[in-house]
Amino acid sequence: MTRAIEQPLETDKLVLNFGPQHPSTHGTLRIIMELEGETVTKATPEIGYLHSGFEKLGEDLDFNQYITITDRMNYLSPLCNNVAYALAAEKLIGLEVSQRTEYIRVLMCELSRIADHLLNVGMLAVDLGAMTAFLYGFRLREDIYDLFEIATGTRLTTSYTLVGGLMRDIPEDYDKAVIKVLDEVVEGVDEIETLLTKNRIWQDRTKNIGVISKEDAISYGISGPMARASGIDWDIRVNEQPYSSYGDFDFDVAIALNGDVFDRYLVRMEEICQSVKICRQALEKMPEGDVIVDPGLGYSLPPKDEVYNSIEGLIYHFEVTMPNRGMTPPVGEAYVPTESPNGELGFYIVSDGNRTPYRVRTRPPSFMNYSIFSKLIEGHMLSDAPAILGSINIIAGELDR
Amino acid sequence: MPPATILSQVKEQFPETVLAGTEFAGEQILHVKGQHILTVLTALKADGYNFLADLTAIDNLTLGGFERFVVSYHLLCHQSAERLTVKAYIPEENPSMPSVESLWKTADWQEREVFDLYGIIFEGHPNLIRIMNPDDFDGYPLRKDYPRLGRKERDDFPVVDRGIQKKNRPQ
């Protein structure tokens, strides 16, 4: 006679809708989960709730107008999107930007990387019940957004770059403000690490959860911190032809080997420290110069003084802005991969020689990173879903475009 | 191996498949026939291009090209840090080509996206359904002959009258 308790307890299969309005999805995405007890046996992600046709829209907007659309893709680090798109357009046209432009772009990209990672770690923590780390991260992110506001005029929809340079130069004494915030970031990161890294509950909730093997990471097209947490030594800033003068800076690439949620957290924390290093170097070595290419080339607007006070300035202004004029890029195509906080963010522009691109494709890192989710969650508990989702760092605006 | 060498090697290996090999802005582009994409990519994967960075399509309606639709594969070799673009051309009458999901799992969602937005059918794909648009969506939005101003959708939108008959409505 076997006791009833030794018999496996069979339960009915339960289908659970996770989202589209679940708070831990951080955006509108829906996952249809099949549960047995509390174990997820199958998960089917449903995406497209935020599909806004950005790529179709890009065929109707000229090269500089589309920069405002790139803000709306990854709204946690819009400056990285701005820079990536500007780089692709410049490669297509064949424009060389000044070194000061490149350094300011590096500074802005790294500041957004810090803000993005702080937010991601904080969100992961709050989803797993650690409210304090979230508040520390959010406060620091707020300071970085203030820096963006000083430089670009807005906090979220920055639209800072232009094809061939930047919208405007950074203000005087900007470096002092940045260094003040960077010092706070270093302290804050220490505090978050003290709260989380050796915390028993944190380790229990994140270690061996959502493990991605090296082969899977390559097969599923995973890039960025997620790939590096699985032991793939690949950073576009270092391993490929460095874009935007990244070759001038001395920093390390954070790698972990286990590929679980905990390692992704560790990689992100280390990347914050490396980004702080890059920011300090960029401020130290900041060269002098213009931040936009010569308006005579026909790709940028001249300064407003010249427009009002000289006939050449006025002509250049109208040459760029009039509907039947504008840029004349060559017929061709360019794909530029950049290392965004989430992974490989690429812009692929096909031009037929008109002022609007023929096709603008975004290679969204969230989209590829999210495609492995259903494989990761299988066999895990339902309560691990927020941990895995948080460690993937899905930005719905970029996922659906 | 540098991409230029790979290009000439692939051209020799598949003389009937490769349409052309071009270079623009420092990027190597290989133009092939869509029907043979699986063999070409299998060979390239064996040559070291182990990472499919991006998969997308272009509608050549007004741009011109070998055929109406192009599916672009952006490959990356982790070992030599080289990138290569493979463009597979497929005709308008029969927009279908083999799926590369068996080589890279990432092609699963990306091919679904291309199917959703361009209507290109990938043979051998395990789950070829729309991914961005709803399942009952009509048309392929990123095709060049799909209107940009939303006329198609807006005109067909069913009007909800919430039970009030038109004749009973206050004038």
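Residues numbered from 1 in each chain as written. Chains lettered and ligands numbered in written order. Predicted model: local features only at pLDDT ≥ 70, side-chain atom pairs only at ≥ 80, totals over all residues.

Turning next to the overall build of chain A. Across its full length, chain A holds 17 helices and 8 strands. Since a compact globule built from 401 residues should have a radius of gyration of about 21 Å, the 23 Å found for chain A is in line with a globular shape. Counting only C-alpha atoms and orienting by the principal axes, one finds that chain A spans roughly 100 × 45 × 35 Å. Considering chain A as a whole, with its 401 residues, one finds that 53% of them fall into the buried category. Residue pairs at least 24 apart in sequence account for 69% of intrachain contacts in chain A once pairs closer than 6 positions are excluded. (Helix = DSSP H or I, 4+ residues; strand = E, 2+ residues; numbered from the N terminus. Rg over C-alpha atoms; globule rule 2.2 N^0.38 Å. Buried ≥ 20, exposed ≤ 12 C-beta atoms within 10 Å, placed from the backbone. Contact = placed C-beta atoms within 7 Å.)

Bringing the interface of chain B and chain A into the picture now. Contact with chain B, which involves 26 residues of that partner, is made by 35 residues of chain A. For the side of chain B that touches chain A, the element with the highest residue contribution is strand β3 (residues 51–59) of chain B, accounting for 6 residues. Along the lines of polarity and charge, the residues of the side of chain B that touches chain A split into 14 nonpolar, 7 polar and 5 charged. (Nonpolar A, V, L, I, M, F, W, Y, C, P; charged D, E, K, R; others polar.)

It is worth spelling out the sheet that holds strand β8 (residues 359–363) of chain A at this point. Residue and element names in this part refer to chain A. Strand order in the open sheet formed by 3 strands is β6-β7-β8, and the pairing between neighbours is antiparallel. On the outer flanks of this sheet lie β6 (332–340) and β8, each paired with one strand and no other. Put simply, the sheet's adjacent strands are angled 10 degrees from each other on average, direction ignored. One ladder, built from 5 bridges, connects strand β7 (residues 343–351) with β8; its direction is antiparallel. Note on β8: the bridge partner recorded for F347 is T362. (Pairing = 2+ DSSP bridges. Axes fitted to C-alpha atoms, helices over the stretch in contact; angles between N-to-C directions.)

All names here are of chain B. With mixed pairing, the 5 strands of this open sheet are ordered in space as β1-β2-β5-β4-β3. In this open sheet, the two strands that pair with only one neighbour each are β1 (18–24) and β3. Averaged over all neighbouring strand pairs, the angle between strand axes comes to 20 degrees, with direction disregarded. In this structure, strand β2 (residues 27–33) lies alongside strand β5 (residues 82–90), joined through 5 bridges in parallel fashion. In the strand pairing of β5, L30 is matched with V86. Of the strands in this sheet, β2, β4 (69–77) and β5 touch helix α2 (residues 37–46), which is tilted by about 170 degrees from β5.

What follows concerns the confidence of the model for chain B. Here chain B averages 82 in pLDDT, while 85% of its residues score no lower than 70. The ipTM assigned to the predicted complex is 0.86, against a pTM of 0.89. (pLDDT = per-residue confidence, 0-100.)

Next up on the list: the environment of Q28 of chain B. Relative to the helices and strands, Q28 of chain B is located in strand β2. Linking Q28 of chain B and L7 of chain B, residues 21 residues apart in sequence, is a C-alpha distance of 8.1 Å.

Looking now at unusual backbone geometry. Phi at S159 of chain A is positive, roughly 45 degrees, even though this residue is not glycine. Relative to the helices and strands, S159 of chain A resides in the loop between α5 (131–152) and β4 (161–162). Backbone geometry places A81 of chain B, a non-glycine residue, at a positive phi of 55 degrees.

A separate point is the packing of helix α4 (residues 99–127) of chain A against helix α16 (residues 385–392) of chain A. Residue and element names in this part refer to chain A. Remark: α4 packs on α16, axes separated minimally by 9 Å, with the N-to-C direction vectors making an angle of 175 degrees. The orientation of α4 with respect to α16, classified from their angle, is roughly antiparallel. Side by side, α4 and α16 meet where M123, L124 and D127 of the first sit next to P386, A387, G390 and S391 of the second. (Parallel < 35°, antiparallel > 145°, perpendicular 65-115°, else oblique.)

All names here are of chain B. Bridge count between β1 and β2: 6 bridges; the pairing is antiparallel. Bridge pairing in β2 places E23 opposite Q28. Hairpin connection between β1 and β2: a loop of 2 residues separates the two successive antiparallel strands, and A25 in this loop has a positive phi of roughly 50 degrees.

In this section: the nonpolar core. Residues A88 and I388 of chain A together with V71, L75 and I120 of chain B are the most contacted members of the largest nonpolar core, which totals 161 residues. Setting aside chain neighbours within four positions, we find I388 of chain A in contact with I209, G210, V261, F373, L376 and I377 of chain A. (Core = buried A, V, L, I, M, F, W, Y, C linked by C-beta atoms within 7 Å.)

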